[in-house]
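Summary of the model geometry
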Amino acid sequence: MRILLLSSAYNSLTQHAHIELKAMRHWVGVAVATDAQAMRQAVSQFQPDLILCPMLAQVIPREIWENHVCLILHPGIVGDRGANSLDWAILNDESHWGVTVVQAAEHVDSGPIWATYEFRMRDTSKSSLYRDEVTRAAVRAMLVAVRRFESGLFVPAPLDYSRPGVKGRFRPVVKATQRRVNWECDSMDAIVRRIRSGDGAPGVLDEICGREVYLYGAHREGSLVGKPGDIIAQRHGAICRAAVDGAVWISHMKVKGETPRDTFKLPAAMVIPEMLDEVPEVPVPLHADLRAATFRDIWYEEHNEIGYVNFRFYNGAMGTEHCRRLEQAMHYARSRPTKVIVLLGGRDFWSNGIHLNLIEAAADPAAESWDNINAMNDFVLSLLQATNHLTIAAMYGSAGAGGVMMSLAADRVFAREGIVLNPHYKGMGGLYGSEYWTYSLPKRVGAVMAERLTEQCLPVGVHEAKAMGLIDDVIILDDLGNGGFERFRDQITRIAEHVAQGEDFAGQVQRKREDLEMAERTKPLAKYRMEELAEMNRNFWGDDPSYHQARTAFVRKLPRPGHLKCSAAQEAGCGNENCADALQTAANRCAVAAGGWAG
């Protein structure tokens, strides 16, 4: 079939839908459409048999849904209607939620139902739920709906609120006052729930010493206390604010501005530095008791001759300091009497490479870009040179750009089924990239495939990644229930312990050491790095400002025209940015070639 993905952004869910439908041998087009005219143009050009809307913030024009079956992936249970479905589910502390495939009709979210899947809610943010449980349920529901449409026999069920199983209802847009936090009265759990309901967007509007800011990244604190409302601690850019029954860490803030261009998310301490002169930095040990509730973004665990380096960075972005601390954690892991080191990234993202927001906020963005990529390289080098251990990169969350290349420095790479990999940089204004990718990527996939991946700038599904050698295997989770990350970790643990206990472990380590020595004699790692950084130097300080322009547009969420993702764009090297939730930059400039659709 000819299936058009109509979406407001080429986000992780849209990318996953694109990958799955292509694997089913459908002829797939992707239109990033921000208004009604862009939708009309996309439909007119592609002439689809079916339109799927993984993430659409605009109302589909009547002439489109009257003449085409348009299926919308709504992040809510059957009967749920409204733009803030997941927000309300968190605010109301729902135990279960779901995703429903609804046909576009006169009233938004009220059309016939093609498929639905439910899942248990997890105590986390809206963004984290969306990237994990919602995405897994949405893809499953979408594939069922496509098969039902393809059969030509399925009759979707009308929305009928009189049926016992229909528990949803219309929910209005959440008002800012309904998320508002009262630090002198609200409990820690209530504060965390409100901030998490607005994570990603729009955030929770708050006031700190007369300054209006939006709050993001809430974490409970289990031991620190203080006067409700006071900022009582800071740690690695996060601040801790006291509540009536405990305290809450806030990892990120954004100053309220007149337009999206005015301001963007930054580590909380960077937003209010003048208010933190007397606030102590409260460290947490690298090898800490994980039962204590607090904010931590890097920690180390050790069991049965396996060392686990855990890292959880907001939106997968790694600033200079993140990279330095992760390098230190890696050196600590290498110093331990273990056999295998596992890099276990976050459940939202594995990594998306350098921290574009911190670079944009720097007094000298080019210099901060340089410092950031060198810090990333230092960490990757510490992984490449871990010749007394075998190393495993365990990817539960999606990854992009330097985050993908970082994982390739490990001896084994495992990825969860259902994530998306974007092993390229060029969508960010022609950025060349580093992380020793010119060494690691061709070694895994060959020179031809390495060039294709980095030039075409297309998302890669994990099964395709395994087939080409980009990763070693796919970790398959068997259901949509809670505990997905725990089951993933259990499998990784069994793999790591099997490797450590294998009869040929010593031989594998010896061969690894010999391979690196041979590679150094052929072409030293330092030369790969020098060549990559020479290209990055041109990106940062050269005559072409494309990288700086693209970064500013991405960070400040400047509007871009709608576009269609086509094979002509692929051949031109266009594609999506390094962040899994970002719009394409280069592809926006591409014209659509007749009959040239991706698929």
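This section reports on the structure supplied with the text. (Residues numbered from 1 in each chain as written. Predicted model: local features only at pLDDT ≥ 70, side-chain atom pairs only at ≥ 80, totals over all residues. Heavy atoms only, no water.)

**Let's talk about unusual backbone geometry**
Cis rather than trans, the peptide bond between Ala 201 and Pro 202 has omega equal to 5 degrees. Along the chain, Pro 202 turns up in the loop between helix H7 (188-197) and strand S7 (204-208). One non-glycine residue, Ala 401, lies in positive phi territory at about 50 degrees. Relative to the elements of secondary structure, Ala 401 occurs in the loop between strand S18 (398-400) and helix H12 (402-407). Residue classification places Ala 401 among the buried residues on the basis of a relative accessible area of 2%. (Helix = DSSP H or I, 4+ residues; strand = E, 2+ residues; numbered from the N terminus. Buried < 20%, exposed > 50% of the residue type's maximum accessible area, 1.4 Å probe, protein only.)

**Overview of helix H17 (residues 505-522)**
Its 18 residues place the ends of H17 26 Å apart at the C-alpha level, agreeing with the 26 Å of an ideal helix rising 1.5 Å per residue. Within H17 the residues assigned to the buried category are Phe 505, Val 509, Lys 512, Leu 516 and Ala 519. Axial view of H17: buried residues confined to an arc of 90 degrees, hence all on one face. In H17, the exposed residues that point more than 90 degrees away from the buried face are Ala 506, Arg 521 and Thr 522. (Expected span 1.5 Å × (residues − 1). Arc of directions from axis to C-beta.)

**Some words on the sheet that holds strand S21 (residues 460-461)**
An order of S16-S18-S20-S21 is seen for the four strands of this open sheet, with the pairing classed as mixed. Each edge of the open sheet carries a strand with a single partner, namely strand S16 (349-351) and S21. Pairing of S18 with strand S20 (residues 420-422) involves two bridges; the strand directions are parallel. Paired with Gly 400 across the bridge in S20 is Asn 422. The strands touched by helix H1 (residues 12-23) within the sheet are S20 and S21, with S20 carrying the most contacts at an inclination of about 100 degrees. (Pairing = 2+ DSSP bridges. Contact = heavy atoms within 4.5 Å. Axes fitted to C-alpha atoms, helices over the stretch in contact; angles between N-to-C directions.)

These values are about where atoms sit, not about what they do.
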